Amino acid sequence: MDSPSPVKDIAAVPVASAATPTPPAPAASAASPASSRHRLGPVALVVAGGLSVQFGSAVAVLLMPRAGALGVVTLRLVLAAAVLLIVCRPKVRGYGRADWGTVLAFGAAMSGMNILFYLSVDRIPLGAAVTLEVLGPLALSVLASRRLLNLLWAGLALGGVVLLSGGGFDRLDPLGAGFALAAGAMWATYIVFSARTGRRFPQADGLALAMAFGAVLSLPFGIVEAGDRLLVPSTIGLGLAVALMSSVLPYTLELLALRRLPAPTFAILMSLEPAIAATAGFLVLHQALGLTDALAIALVIAASMGAVRSQVARTSH
């Protein structure tokens with residue numbers, strides 16, 4: 001089967017990737033303990049992947065005083081690319097110009113998404129950044145479905161954003177909020193090209209090649225901001241932890257989960273990531289949420305889940 005497109009770097013995706021075929025739904029039957037465990041197994045893998053991504057993002061925030069936001073992005077992408085290239089050993093021959101154009105666009109979207117997101121979490125809390133970022137994939141889901149019902153979900157998400165901003169983004173930091181929204185737009189682009197890459201490249205070869213290109217694009221920014229601080233052994237060690245937690249491990253867990261889990265179910269689970277991010281921000285970074293912030297995140301999660309469910313209902317008829 002095609003390799004599942006990695007639908008986040010630090011965050012949730014409310015749309016199912018076209019690169020991942022949806023397994024057939026099991027025939028209706030009485031649930032048995034064995035079948036329940038079979039269903040819960042891949043769900044646990046997805047949740048574990050989400051925890052890994054968001055706690056990896058929290059570790060990245062801790063690393064920023066050492067290397068800066070752009071330095072952390074470079075460390076993450078370079079080290080993740082090195083691991084994936086070693087593990088996947090992708091072939092580079094036999095592909096046409098369109099194939100390479102797709103994987104390069106995927107890598108550019110990946111790099112841009114990471115750079116903008118890390119610039120955002122350097123200025124605003126992790127939970128708020130992920131909540132704003134998830135609006136990009138949510139908008140993609142709403143536009144793709146073209147259903148009137150999805151305007152309701154878009155309005156619900158907008159209500160969450162208004163609550164999160166407190167009526168004005170100056171409460172958060174306007175530039176940080178802007179970076180998060182731009183990261184969401186790049187995330188939507190990332191989803192589109194990850195799907196195309198998954199169809200053109202076998203296994204995780206396209207991912208490894210795209211990650212390598214994204215790392216090359218981020219390298220000048222990281223060098224300018226951090227310089228030789230990127231070569232400090234302890235900084236490299238923390239950067240490797242971020243790369244493993246935010247890229248290599250979750251992508252592997254998603255690959256295993258999507259072999260047994262329908263893609264729509266996967267997408268709904270991904271919609272929980274703003275809540276996971278808020279939890280990671282609280283536990284690791286001591287970024288407490290107020291009641292209004294928690295309600296805002298809940299509204300965006302509900303909108304994401306509703307958009308996915310309505311899209312699934314439409315395709316099943």
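Worth saying up front: this structure is predicted, and the values here are computed from it rather than measured.

A. Seen up close, the packing of aromatic side chains. Applying the stated criterion across every chain, the model contains five aromatic pairs. Centre to centre, the rings of Tyr95 and Trp100 are 6.0 Å apart; their planes meet at 85°, and the pair counts as edge-to-face. Since its relative accessible area comes to 19%, Tyr95 is described here as buried. Ring geometry for Phe106 and Tyr190: centres 5.2 Å apart, planes at 55°, overall tilted. Of this pair, Phe106 sits in helix α2 (residues 97-121) while Tyr190 sits in helix α6 (residues 174-200); the two residues are 84 residues apart in sequence, bridging distant segments of the chain. Its relative accessible area of 1% is what places Phe106 among the buried residues.

B. Local environment of the side chain of Thr131. When you line up the elements, Thr131 lands in helix α3 (residues 126-133). At a separation of 2.7 Å, a polar atom in the side chain of Thr131 contacts the main-chain carbonyl oxygen of Gly127.

C. Representation of the pattern of salt bridges in the model. By the definition in use, this model includes two salt bridges. Across the pair Arg200 and Asp99 runs a salt bridge whose closest N-O atoms are separated by 2.7 Å. Of this pair, Arg200 sits in helix α6 while Asp99 sits in helix α2, and the two are 101 residues apart along the sequence. By relative accessible area, which is 38% here, Arg200 ends up partly exposed. For Asp99, a relative accessible area of 15% puts it in the buried group. The closest approach of N and O atoms between Asp173 and Arg123, which form a salt bridge, is 3.9 Å. Of this pair, Asp173 sits in the loop between α5 (149-165) and α6 while Arg123 sits in the loop between α2 and α3, placing them 50 residues apart in sequence.

D. Looking closely at helix α7 (residues 205-226). Its 22 residues place the ends of α7 30 Å apart at the C-alpha level, agreeing with the 32 Å of an ideal helix rising 1.5 Å per residue. At Ser218, α7 shows its maximal kink, close to 35°; a proline, Pro220, follows between one and four residues later. Of all the positions in α7, only Asp205, Gly206, Leu207, Ala208, Leu209, Ala210, Met211, Gly214, Ala215, Ser218, Gly222 and Ala226 are classed as buried. Two residues or fewer past α7, Gly227 is found with a positive phi of approximately 60°.

E. Broad picture of unusual backbone geometry. One non-glycine residue, Asp173, lies in positive phi territory at about 125°. For Asp173, a relative accessible area of 23% corresponds to the partly exposed category. Phi is positive for His286, close to 60°, though the residue is something other than glycine. Turning to its location among the elements, His286 is positioned in the loop between α10 (273-285) and α11 (291-316). Looking at His286, the relative accessible area reads 66%, which means it is exposed.

The rules we used
- Residues numbered from 1 in each chain as written.
- Predicted model: local features only at pLDDT ≥ 70, side-chain atom pairs only at ≥ 80, totals over all residues.
- Heavy atoms only, no water.
- Phe/Tyr/Trp six-rings, centres within 6.5 Å; stacked < 30°, edge-to-face > 60°.
- Buried < 20%, exposed > 50% of the residue type's maximum accessible area, 1.4 Å probe, protein only.
- Helix = DSSP H or I, 4+ residues; strand = E, 2+ residues; numbered from the N terminus.
- Polar contact = N/O pair within 3.5 Å; in protein donor to acceptor, adjacent residues only side chain to side chain.
- Salt bridge = Lys/Arg side-chain N within 4 Å of Asp/Glu carboxyl O.
- Expected span 1.5 Å × (residues − 1).
- Bend = angle between axes of the 7 residues up to and from the residue.

Note that every value here comes from positions in space, so none of it alone points to a role or purpose.
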